[in-house]
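# An overview of the molecular structure
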Amino acid sequence: MKDYYGALGVSRDATEAEIKKAYRKLARELHPDVAGADGEERFKEVSAAYDVLGNAEKRAQYDRGVDPRSASGGAGGPQGFGFEDIFETFFGGGAGPFGSAQRGPASRTQRGGDTLVHTEITLEEAVFGVTREIQADLADVCSTCHGSCCAPGTQPQTCRQCNGQGSVQRVARSLLGNVMTTAPCPACGGYGTTIETPCTDCSGQGRTHSRHTIAVDIPAGVETGTRIRMTGVGDAGVAGGQKGDLYIEIRERAHAVFERRGSDLHCTLEVPMTAAALGTVLSVDTFDGPQDVDVRPGTHAGSTVKLKGLGVGRLQRQGRGDLFVHLDVVTPTDLTAEQEELVRQLAALRGEEAPEARLAPIGGGVFSRLKDAFLGRER
Ligand SMILES: [Zn+2]
Ligand SMILES: [Zn+2]
């Protein structure tokens, strides 16, 4: 009976892992490409030994004193010793005999990546839209080699190892006979050509990076989180590939007095108690310049005046939202003795020196008006 343990150089109590490791080491050393015909006999022995010892069932049989290889009648036939084992050993997996080997050489050209930059705009810019200059680090086609990756005056050379195929075929001699396998050419990386003298300005990448200033048209109606896409304005591709896209993400700064809800704007206008009682016209500075706000006599706190069409421009639609001016009646807290006396006289005239508690009906009070205002309802 053959000494399979001896063939692999392992002890009889070697673990599965040790056997596998020993076999791989020997298989590499004895590979016909390395050892030539001299290693062939020894390679067969090693393969046969692994066929038995690498399989728990066959190993147990062998340990009981029966050689599974002769017992099964095969004169050295490779039972249970498949392609996978061989190719996994020699080529690290992946490049199997039935793999995607028939493709032509790979292209060096790759589309450029997409780039995202952030920019902050004011509320006023969101209302009307704005053209903004933004800065971005982007790749350009190398101005020295124009994307060819080669030093000026040179060009890619057909790979000598694969003759421009991008892949190499290997003949592996195994117990099954000669098996052909295809793998990416190690000399050219699968491109079929080699660049002997890469362009020094771009390190053979065909592109260089620099800071760009780009004018971006930011339309009215954008808001925090809106992304504007500029097709073909991103990085130049590798080796002359198509340009990627540039995305500009918007962040809208909060405004001191105007608050935005969708395409409407809201603000609060403070009206002195006397003006609220008597009525007046107040000029309010809006994004569209000063606008008259009509405060009717007897205005309640929480009343709203709508200025139509003075809100935010609608994104990708016509028109603008509205501006809601919420009126807040300001009660004086700093009355002089004389003013206080006048207010007391007014209260006496109105019979309000000791007013009774009166609850407003639902829908009629300030509370309801505030709710309406919050929801942007028209009153
Ligand atoms: Zn270059
Ligand atoms: Zn090649």
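Residues numbered from 1 in each chain as written. Chains lettered and ligands numbered in written order. Predicted model: local features only at pLDDT ≥ 70, side-chain atom pairs only at ≥ 80, totals over all residues. Heavy atoms only, no water.

## Some words on the sheet that holds strand β1 (residues 115–121)
By definition, the strands of a sheet pair up through backbone hydrogen bonds, in either a parallel or an antiparallel sense. In plain terms, the rule: Only strands joined by at least two bridges in the DSSP assignment are considered to pair. Secondary structure elements are defined from DSSP: runs of H or I of at least 4 residues count as helices, runs of E of at least 2 residues count as strands, and each element is numbered from the N terminus. To get an axis, fit a line to the C-alpha atoms, keeping to the stretch in contact for a helix; angles then go from 0 to 180 degrees between the N-to-C directions.
If you walk across this open sheet you meet the three strands as β1-β9-β8, and the pairing is mixed. Two strands close off the open sheet at either side, each with one partner strand: β1 and β8 (227–230). Put simply, the sheet's adjacent strands are angled 25° from each other on average, direction ignored. Inspection of the sheet shows β1 paired to strand β9 (residues 246–252) by seven bridges, in the parallel sense. If you follow Glu120 over to β9, its bridge partner there is Arg251.

## Description of the pattern of salt bridges
Note the cut-off: The working definition used for a salt bridge is a side-chain nitrogen of Lys or Arg within 4 Å of a carboxyl oxygen of Asp or Glu. Only protein chains enter the accessibility calculation, which uses a 1.4 Å probe. A residue is then buried if its area is under 20% of the maximum for its type, exposed if over 50%, and partly exposed in between.
The full count for this structure, using the stated rule, is 18 salt bridges. Ionic pairing is found between Glu252 and Arg260, a salt bridge with its closest N-O pair at 2.5 Å. Overall, Arg260 belongs to the buried group, its relative accessible area being 17%. Among the ionic pairs, Glu352 bridges to Arg350, the shortest N-O distance being 3.1 Å. Of the residues examined, Arg350 reaches a relative accessible area of 54% and is grouped as exposed.

## So, the environment of Gly54
To keep it simple, the criterion reads: We call two residues contacting when some pair of their heavy atoms lies within 4.5 Å.
For Gly54, the location among the structural elements is in the loop between α4 (40–53) and α5 (56–63). In this structure, the C-alpha to C-alpha distance between Gly54 and Tyr23, residues 31 residues apart in sequence, is 8.9 Å. With residues up to four places along the chain from it excluded, the contact list for Gly54 reads Ile19 and Ala49.

## Some details on the coordination of the zinc ion (ligand 2)
This is how the line gets drawn: Excluding water, the donors of a metal are its N, O and S neighbours within 2.8 Å, or within 3.2 Å for Na, K and Ca, and that exclusion means sites may look incomplete. Irregular is the default label, applied whenever a site is not tetrahedral (four donors, all angles between 85 and 135 degrees) and neither square planar nor octahedral (four or six donors, opposite donors over 155 degrees apart, all other angles between 65 and 115).
In the first shell of the zinc ion (ligand 2), the protein supplies Cys159 (SG), Cys162 (SG), Cys185 (SG) and Cys188 (SG), at 2.2 to 2.3 Å from the metal. Classification of the site at the zinc ion (ligand 2) as tetrahedral follows from its four donor atoms and the range of 103 to 116° in their angles at the metal. Each donor residue of the zinc ion (ligand 2) lies on the same chain, and together they follow the pattern C-x2-C-x22-C-x2-C. Considered together, Cys185 and Cys188 belong to a single accessibility category, that of buried residues.

## Topic: the pairing of strand β11 (residues 264–272)
In terms of strand pairing, strand β10 (residues 259–261) meets β11 through three bridges, oriented antiparallel. Each residue of the ladder has a partner; that of Arg261, found in β11, is Asp264. Hairpin remark: β10 followed by β11, antiparallel, with two residues in the connecting loop; positive phi at Gly262, about 65°. Sheet topology note: the β11/strand β15 (residues 323–330) ladder contains eight bridges and is parallel. Pairing of Leu269 across the sheet is with Leu327, part of β15.

## Things to note about the coordination of the zinc ion (ligand 1)
Taken together, the protein donors to the zinc ion (ligand 1) comprise Cys142 (SG), Cys145 (SG), Cys199 (SG) and Cys202 (SG), at separations of 2.3 Å. Around the zinc ion (ligand 1), the four donor atoms sit at angles spanning 105 to 115°, and that spread fits a shape best called tetrahedral. All donor residues of the zinc ion (ligand 1) come from one chain, and their arrangement in sequence is C-x2-C-x53-C-x2-C. A residue pair is termed long-range when its members are at least 10 positions apart, and Cys142 in the loop between β2 (130–141) and β3 (157–158) and Cys202 in the loop between β6 (193–194) and β7 (207–218) qualify at 60 residues. Residue class for Cys202 comes out buried when judged on its relative accessible area of 5%.

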